[in-house]
Amino acid sequence: AAHPSGSAGKLLAYAGSFVGSYAFYLGLGGVAALHADRVQAWVRGHPAVVFGALVATGASAEGWYLHSVHGGSSPGAASDVFQPVMVPWCVAIITALFALGLAWSAQRGGGLGSRAVAISSDRSFGVFLVHPMVLWALPLGPLAWLSTPVSTLCSPAVAIAVTGVRSLLALRVR
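Sequence positions are assigned chain by chain, starting from 1 and proceeding in written order. Thresholds applied to this predicted model are a pLDDT of at least 70 for local features of residues and 80 or more for the giving and counting of side-chain atom pairs; totals over whole chains, interfaces and linings are not thresholded and use all residues. For the side-chain quantities, the full set of heavy atoms in the structure was used; hydrogens and water were omitted.

Draft legend 1. View of the overall build of the protein. Each helix and strand counted, the protein has 8 helices and 0 strands in total. When the elements of the protein are put in sequence order from the N terminus, they spell out α-α-α-α-α-α-α-α. Burial classes: relative accessible area under 20% of the type maximum marks a residue as buried, over 50% as exposed, and values in between as partly exposed (1.4 Å probe, protein chains only). Sorting the 174 residues of the protein into buried and exposed places 15% on the buried side. Using the Shrake-Rupley algorithm and a 1.4 Å probe, accessible areas are obtained, with residue cover drawn only from the displayed protein chains. Approximately 12500 Å² of the protein is accessible, and the part contributed by carbon and sulfur atoms is 71%. Where helices and strands are cited, they refer to DSSP runs of H or I of at least four residues and of E of at least two residues respectively, numbered from the N terminus.

Structure representation (structure tokens):
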């Protein structure tokens, strides 16, 4: 099979982290935002459809994976995010998570669960930003003895701790 050359060939190596690869999802999110009231009303009014789509597309994605692996594809290629079966699955999981968020926001109270979700929501972007740096730093220097699985398991805890400390420092400065 022919492979792209030039700029396209260079970008292909980074397809999973290149924003252009996700243009459909960015466009879908933009359209949903423009029609947020209608989207929310539809999702709230059709929970069975949302759940059914989640189950059906999840089963399809899993079925495609098993079919591909048994047909000779590597597990990595069979589970690639750019497999066509992943588009409906991703739309379904995004919609289901949105429905879960809508349900939570409609019923939340002032309890410990609501407080934990509020704090986690405030910190989540910081964890997202810090996490790659932690993954890069954990196997360096005195921590080089950590195996990849151990450092992978430790990295979320370290990212959360770093973000928490940063948040506390920001509160003290105010």
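Having seen it, we continue.
Draft legend 2. Layout of the packing of aromatic side chains. Think of it this way: a Phe, Tyr or Trp ring, Trp meaning its six-membered ring, pairs with another when their centres are within 6.5 Å, and the plane angle makes it stacked under 30 degrees, edge-to-face over 60, tilted otherwise. Enumeration over the complete set of coordinates arrives at 4 aromatic pairs. Look at Tyr22 and Tyr25: their rings are 6.5 Å apart centre to centre, the planes differ by 40 degrees, and that puts the pair in the tilted class. A relative accessible area of 23% means that Tyr25 is categorised as partly exposed. Put simply, the rings of Tyr22, Phe24, Tyr25 and Phe82 touch in pairs and so form one group of aromatic residues.

Draft legend 3. Region of the structure containing the packing of helix H3 (residues 36-45) against helix H4 (residues 47-70). Helix axes use the C-alpha atoms of the stretch in contact, all axes being lines fitted to C-alpha atoms, and the angles between their N-to-C directions lie in the range 0 to 180 degrees. In the contact formed by H3 and H4, the axes pass within 5 Å of each other and the chain directions differ by 80 degrees. Classified by the interaxial angle, the pair formed by H3 and H4 is roughly perpendicular. On the side of H3, the interface is formed by Trp42, Val43, Arg44 and Gly45, while H4 contributes Pro47, Val49 and Val50. Only Asp, Glu, Lys and Arg are considered charged in this grouping, and only Ala, Val, Leu, Ile, Met, Phe, Trp, Tyr, Cys and Pro are considered nonpolar; every other residue, Gly among them, is considered polar. Of the residues belonging to the contact of H3 with H4, the class tally is 5 nonpolar, 1 polar and 1 charged. Any angle that falls under 35 degrees is termed roughly parallel, while one over 145 is termed roughly antiparallel, one within 65 to 115 roughly perpendicular, and all others oblique. Here a residue-residue contact requires only that any non-hydrogen atoms of the pair lie within 4.5 Å.

Draft legend 4. Here's a closer look at the side chain of Gln83. Checked against the element boundaries, Gln83 lands in the loop between helix H5 (75-78) and helix H6 (86-107). Ignoring sequence-local partners within four residues, the contact set of Gln83 consists of Trp64, Ala77 and Ala78.

Draft legend 5. View of the nonpolar core. Grouped together as the largest cluster of nonpolar side chains are 5 residues: Val43, Val50, Leu54, Ala96 and Leu102. Of all the elements in the fold, those that place two or more residues in this core are H4 and H6. Each nonpolar core is a collection of buried residues, namely Ala, Val, Leu, Ile, Met, Phe, Trp, Tyr and Cys, held together in the definition by side-chain atoms within 4.5 Å.

Draft legend 6. Here's a closer look at the side chain of Thr163. With respect to the helices, strands and loops of the structure, Thr163 is situated in helix H8 (residues 148-173). The contact partners of Thr163, leaving out residues within four places of it in the chain, are Arg123, Gly126, Val127 and Val130.

Draft legend 7. Structural detail: the packing of H4 against H6. Where H4 meets H6, the closest approach of the two axes is 8 Å, and the angle between their N-to-C directions is 145 degrees. Note on packing geometry: the crossing formed by H4 with H6 is left-handed. Between H4 and H6, the residues in contact are Val50, Ala53, Leu54, Thr57, Gly58 and Ala61 and Met86, Pro88, Trp89, Ala92, Ile93, Thr95, Ala96 and Ala99, respectively. A class-by-class count of the residues in the contact of H4 with H6 yields 11 nonpolar, 3 polar and no charged. Crossing handedness is read from the near helix: turned anticlockwise from the far helix by less than a right angle, it gives a left-handed crossing, and turned clockwise, a right-handed one.

Draft legend 8. Expanded view of the confidence of the model for the protein. Mean pLDDT over the protein works out to 84, with 89% of the residues at or above the 70 mark. Every residue gets a pLDDT, meaning the predictor's confidence in that residue, from 0 to 100. Per-element averaging of pLDDT across the protein places H8 at the bottom with 76 and H3 at the top with 97.

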